[in-house]
Amino acid sequence: MIRVWKTTLKLRMIIGFMVILIFAVLLIFRAFDIQIIEGGRLSKLADAQFQASVYFMPERGNIYSADGSILAASVNIPGVAVDPLMVKDKLKSAERLSKATGLKYEKIIKILTKNLQFAWIKRRVSAETAKKVEKLGIEGVIIVKQPVRYYPNGTLLAHTLGFVGINDNGLSGIEYKYNKYLKGNKRALKVLQDGLGQYIFIRGFGLKKATHGDNIYLTINKQLQFITQYYLDKEAKAADSKGAFAILMDPNTGAILAMADYPSFNPNYYWKYSARYWRNRAVTDDFEPGSTMKPFIISGAMQDGIIKPDTIINGHHGSYYIDGITVHDVESWFGKLTINQLIEYSCNVCACQVGMKMGKLRVWHWLKKWGLLSTPHAGLLGENAGIDRNVSNWSEVGPCEEAFGQGAAINGLQEITALSGIANGGYLLKPYIIKKIVNPYGKVIFRAKPKEIRRVINSKTDKEIKYMMRLVVKGGTGQYAKLIDFKVCGKTGTGQIDNPKTGTYFKNKYTASFMAFVPYKHPVLAMLVVQQEPSKISYYGGAVSAPVVRDVFKTALNILNVYPGDKAYKTQLRAGNLSNNENKLTENFKNKSFKHEKYPARHSGSYSGKMPDLKGDTIYQALNALSRFGRLSIKIWGSGYLYYQSIKPGTYVAESGGANSVTLKFKPEGYYGNASLQKTEKKSKKSKSNSNIKSGSKSAPKSKNKKLTAVPVLKGNEKVKK
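Parameters at a glance
Residues numbered from 1 in each chain as written. Predicted model: local features only at pLDDT ≥ 70, side-chain atom pairs only at ≥ 80, totals over all residues. Heavy atoms only, no water. Helix = DSSP H or I, 4+ residues; strand = E, 2+ residues; numbered from the N terminus. Buried < 20%, exposed > 50% of the residue type's maximum accessible area, 1.4 Å probe, protein only. Contact = heavy atoms within 4.5 Å. Pairing = 2+ DSSP bridges. Axes fitted to C-alpha atoms, helices over the stretch in contact; angles between N-to-C directions. Parallel < 35°, antiparallel > 145°, perpendicular 65-115°, else oblique. Left-handed = near helix turned anticlockwise from the far one by under 90°. Nonpolar A, V, L, I, M, F, W, Y, C, P; charged D, E, K, R; others polar. Disulfide = S-S within 2.5 Å. Phe/Tyr/Trp six-rings, centres within 6.5 Å; stacked < 30°, edge-to-face > 60°. Lys NZ or Arg CZ within 6 Å of the ring centre and 35° of its normal. Core = buried A, V, L, I, M, F, W, Y, C linked by side-chain atoms within 4.5 Å. Expected span 1.5 Å × (residues − 1). Polar contact = N/O pair within 3.5 Å; in protein donor to acceptor, adjacent residues only side chain to side chain. Salt bridge = Lys/Arg side-chain N within 4 Å of Asp/Glu carboxyl O.

**Student:** Can you tell me about the overall build of the protein chain, naming the residues and giving the values?
**Tutor:** When you go through the protein chain residue by residue, the secondary structure sums to 22 helices and 28 strands. Across the 722 residues that make up the protein chain, the buried fraction comes to 51%. Restricting to contacts in the protein chain with at least 6 residues of sequence separation, those with at least 24 account for 71%.

Structure representation (structure tokens):
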């Protein structure tokens, strides 16, 4: 019996030991699984439950113009936030907050009843509203200051700068393109939190110095930007254009000095505008250039020795049939013309024949060489390479169409870059808009330098094409761009707009453009103006775009201290800044009496005196002359040059009373009241009504016996009509 009991006890002990051993092994395995196998995952889960990261948004870097003026900056704007769980009397609190913030009661009560610890009532409020909310003393409601992007100049350069969203990320323009530089690096504080999510204590900062973003300096000249945008808006409104843009460039460096778009928008309130207002047309919009393409193709033909400036080509009286299409010009008097006259009067028929002489490969080669088939890479959002068919897909008349600006669609940035190549002596330069990038500590991390891409044409060809473009403004299709003291070189263009549904052109939609540079011998400015679908005044580039160039050039040359006379601007280009001796030379130019300075310098305040003779003055010159008559009411009619003033020259104008008023009437062709030009204007209108053309460039005829303008033609077998 005893033996059996001992045996049973021993068995029980063995079984118990085995059970304990099994449980020990399981416990060790589980511990291994938790600590080793699942350790990393469980540790992260614990951190997520008991630790949190509080992020501090860095201050966004500023954007400056070339002279250091602020174009975009970040300012701290108060906002109203709430912890809904801390608000006790929600109904009463919602009523009081509604009165203080101006928000609807229903919207606020919806926020206060959320099961959250943080919610925005209103992200941006005025300082006055913030004070009202603070005075309410509602538990759980706080005022939070957050950086908000601010554009002090409103609409100025809006399309280029772009804008920033509520999460401090750039959404358009420079703000988007260079977001990684401007935004900076955000830092975080590690904190512990309890089961309710309340912070317990902070475990180290790690924030040493300011972490705001880098500052960007653009090549934009703020003064030039203002006048470019002002004159573009003025002319685009007068022409009732669907859209318009202008680019002003330093042709000797490739730096973009101004870039304006119409219609504009205010980036401080970007959400109030539809997305179509945001795009930068000067960069993103492709268009058929029309006759502005001619200088680039003709210069290539001269460079290759196919033609010379005095080569004579038959204009076929404005109508030329070739391989299934008929090329038209707006004038029927075009007989035998030289290449100089081809550019001056913008003859399509002659340009077509030059293109056919060159052939497909040569024309394509020169389009590529001038950069009209490649992306400019100027540092702007939305740049592209334009649109053109592969040369292998060109029709037999492809070179003809390309020669007068049909077939290929380019953008403004490509064209102004190519134009600058003609202005600077034949060198294609890389365009750029970023001058430098400076980090928060003042170190320059990027600085732009002028970069030559290639030499396109030699100096001989360049001088020849410049002379032709000078003739365009002097007596051809670009006469509206004339300046009194400076010689302007330019080219007009009126392109047709494709109808994607039919594959042909719209009957009444055009793109009116004008490109130019000044001064003639030593250019310091190059400019392109394009108006999309102008419906009033005219649809010719010489009529609605050239006046913008004229007004901008006239004011810009004064801002840049460029004065008439070769010595003055040759010295400027050579030395950069005027020395003491050169300042004396400049003063001599300032004091020299030119044709438009027929009256005393402007004075401040009111003034009594005789009314000056304003005949032949532009609006700007006339207003400047009358500015000394402080209380004189001025009424303006028309645009261009003054031909009528209601108060005759020499009439005494009194200071007092405020009843004196003068009416000034302006007319583009009425330059200095030239009767012959006014007669020509009437004849030009009559000629226009009898024309059957679709696009091109038009201006006042030079004489009674010659008509000037030429127009592009439709593609395919469709004849051009107008």
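**Student:** Could you give an account of the pairing of strand E13 (residues 319–322), naming the residues involved and the relevant values?
**Tutor:** Across a regular strand the side chains alternate sides, sitting on one face of the sheet and then on the other. Here E13 shows a clear split, with Tyr320 and Ile322 buried on one side and none of Ser319 and Tyr321 buried on the other. The pairing of E13 with strand E14 (residues 325–328) spans four bridges and is classified as antiparallel. When the sheet's bridge partners are listed, Tyr320 is paired in E14 with Val327. Between E13 and E14, which pair antiparallel one after the other, the connecting turn spans two residues, and Asp323 there sits at a positive phi close to 45°.

**Student:** Let's hear about the packing of helix H9 (residues 222–239) against helix H18 (residues 546–559): which residues, and what values?
**Tutor:** In contact at an axis separation of 9 Å, H9 and H18 are set at 160° when each is read in the N-to-C sense. Relative to H18, the element H9 is oriented roughly antiparallel. Relative to H18, H9 is oriented so that their crossing is right-handed. On the side of H9, the interface is formed by Gln223, Leu224, Ile227, Thr228, Tyr231, Leu232 and Glu235, while H18 contributes Pro547, Val548, Asp551, Val552, Thr555, Ala556 and Ile559. By residue class, the composition of the contact of H9 with H18 is nine nonpolar, three polar and two charged.

**Student:** Could you give me a rundown of the state of the cysteines, with the residues and numbers involved?
**Tutor:** In the structure shown here, the tally under the stated rule is one disulfide. The partner cysteine of Cys352 in its disulfide is Cys400, sulfur to sulfur 2.2 Å. Its S-S torsion of approximately -110° makes the covalent link between Cys352 and Cys400 left-handed. Here Cys352 is found in helix H13 (residues 348–369), whereas its partner Cys400 is found in helix H14 (residues 398–403), with 48 residues between them in sequence. In this structure, Cys352 and Cys400 share a single accessibility class: buried. The thiol sulfur of Cys347 is not disulfide-bonded, and the nearest other cysteine sulfur, from Cys350, lies at 3.4 Å. For Cys347, a relative accessible area of 0% puts it in the buried group.

**Student:** Residues and numbers for the sheet that holds strand E21 (residues 489–499), please.
**Tutor:** In sheet architecture, strand pairing relies on hydrogen bonds along the backbone and comes in two forms, parallel and antiparallel. The sheet built from five strands is open, its strands ordered E10-E9-E23-E22-E21 with antiparallel pairing. If you trace the sheet from one side to the other, it starts and ends with strand E10 (256–262) and E21, each paired once. Ignoring which end each strand starts from, the neighbouring axes of this sheet average 10° apart. Both E21 and strand E22 (residues 504–518) contribute to a ladder of 10 bridges, which runs antiparallel. Looking at E22, one finds that Asp498 is bridged to Tyr505. Against the sheet, helix H15 (residues 412–423) makes contact with strand E9 (243–249), E10, E22 and strand E23 (525–532), and its axis sits at roughly 145° relative to E23, the strand it touches most. Sitting on the sheet, H18 is in contact with E9, E22 and E23, with an inclination near 150° to E23.

**Student:** Residue-level account of unusual backbone geometry, with values.
**Tutor:** Tyr262 connects to Pro263 through a cis peptide bond whose omega is -5°. In this structure, Pro263 sits in the loop between E10 and helix H10 (281–284). Omega for the peptide link from Val518 to Pro519 comes to -15°, which places this bond in the cis form. For Pro519, the position within the fold is in the loop between E22 and E23. With a phi angle near 55°, His317 is a residue other than glycine that sits in the positive phi range. Its location among the elements puts His317 in the loop between strand E12 (312–314) and E13. Judged by relative accessible area, His317 falls into the exposed class, the value being 53%. Positive phi values are uncommon outside glycine, yet Ile537 reaches one of about 70°.

**Student:** For the packing of aromatic side chains, give the residues involved together with the corresponding values.
**Tutor:** Applying the stated criterion to the full structure yields 18 aromatic pairs. For the ring pair Tyr178 and Tyr181, a centre distance of 6.4 Å and an interplane angle of 45° mean the geometry is tilted. Taking relative accessible area as the criterion, Tyr178 reaches 13% and is therefore assigned buried. Among the aromatic residues, those joined into a ring-pair cluster are Phe163, Phe265, Tyr269, Tyr270, Trp271, Tyr273, Tyr277 and Trp278. The side chain of Lys665 reaches across the aromatic face of Tyr644, ending 5.1 Å from its centre.

**Student:** Describe the nonpolar core, and please don't skip the residues or the numbers.
**Tutor:** By size, the foremost hydrophobic cluster in this structure holds 87 residues, and its most contacted members are Leu218, Ile256, Ile298, Val327, Val354, Trp370 and Leu380. For this core, the leading source of residues is H13, giving nine residues. The next biggest cluster of nonpolar side chains, apart from the first, holds 41 residues, and it includes Tyr231, Ala239, Leu483 and Val549.

**Student:** Quick one: what's the story with helix H16 (residues 459–475), residue by residue and with numbers?
**Tutor:** The end-to-end C-alpha distance of H16 is 24 Å, a good match for the 24 Å that 17 residues give at a rise of 1.5 Å each. What H16 keeps buried is the set Thr461, Asp462, Glu464, Ile465, Lys466, Met468, Met469, Arg470, Leu471, Val472, Val473 and Gly475. Residues of H16 that are buried in the fold lie against helix H11 (294–303), helix H12 (339–345), H15, E21 and E22. By the N-cap criterion, in which a side-chain oxygen at the helix start approaches the backbone nitrogen of a residue two or three places on, H16 is capped by Asn458, the distance to Lys460 being 3.2 Å.

**Student:** Report on the environment of Glu383, specifying residues and quantitative values.
**Tutor:** Among the secondary structure elements, Glu383 is positioned in the loop between H13 and H14. Judged by its relative accessible area of 18%, Glu383 falls in the buried class. Spatially, the C-alpha atom of Glu383 lies 9.3 Å from that of Ala282, the residues being 101 residues apart in sequence. Each residue touching Glu383, except ones within four places of it in the same chain, is listed here: Val283, Thr375, Pro376, His377, Ala378 and Leu413. Within polar-contact distance, the side chain of Glu383 engages the backbone nitrogen of His377 at 2.6 Å. Within the local environment of Glu383, its side chain forms a polar contact with the backbone nitrogen of Ala378, the two atoms lying 2.8 Å apart.

**Student:** So what's going on with the pattern of salt bridges? Which residues, and what values?
**Tutor:** According to the stated counting rule, one finds 12 salt bridges in the structure shown. The salt bridge involving Arg60 is made with Glu175; its shortest N-O contact spans 3.1 Å. Taken as a pair, Arg60 in the loop between strand E1 (51–56) and strand E2 (63–64) and Glu175 in helix H7 (residues 173–177) lie far apart in primary sequence, 115 residues in all. Of the two residues, Arg60 and Glu175, both sit in the buried class. For Lys466, the salt bridge goes to Asp462, with nearest N and O atoms at 3.4 Å. Of the two residues, Lys466 and Asp462 are both situated in helix H16; the distance of four residues between them amounts to about one turn of the helix. Assessed through its relative accessible area of 9%, Lys466 is described here as buried. When salt bridges that share partners are traced, they join Arg60, Arg149 and Glu175 into one network.

**Student:** Break down H15 for me, with residues and values.
**Tutor:** For H15, built from 12 residues, the straight-helix expectation of 16 Å at 1.5 Å per residue is met to within 8% by its first-to-last C-alpha distance of 16 Å. For H15, the buried fraction is high: 12 of the 12 residues fall into the buried class. Of the residues making up H15, those classed as buried are Gly412, Leu413, Gln414, Glu415, Ile416, Thr417, Ala418, Leu419, Ser420, Gly421, Ile422 and Ala423. In the stretch just after H15, Gly425 is the one whose phi turns positive, near 110°.

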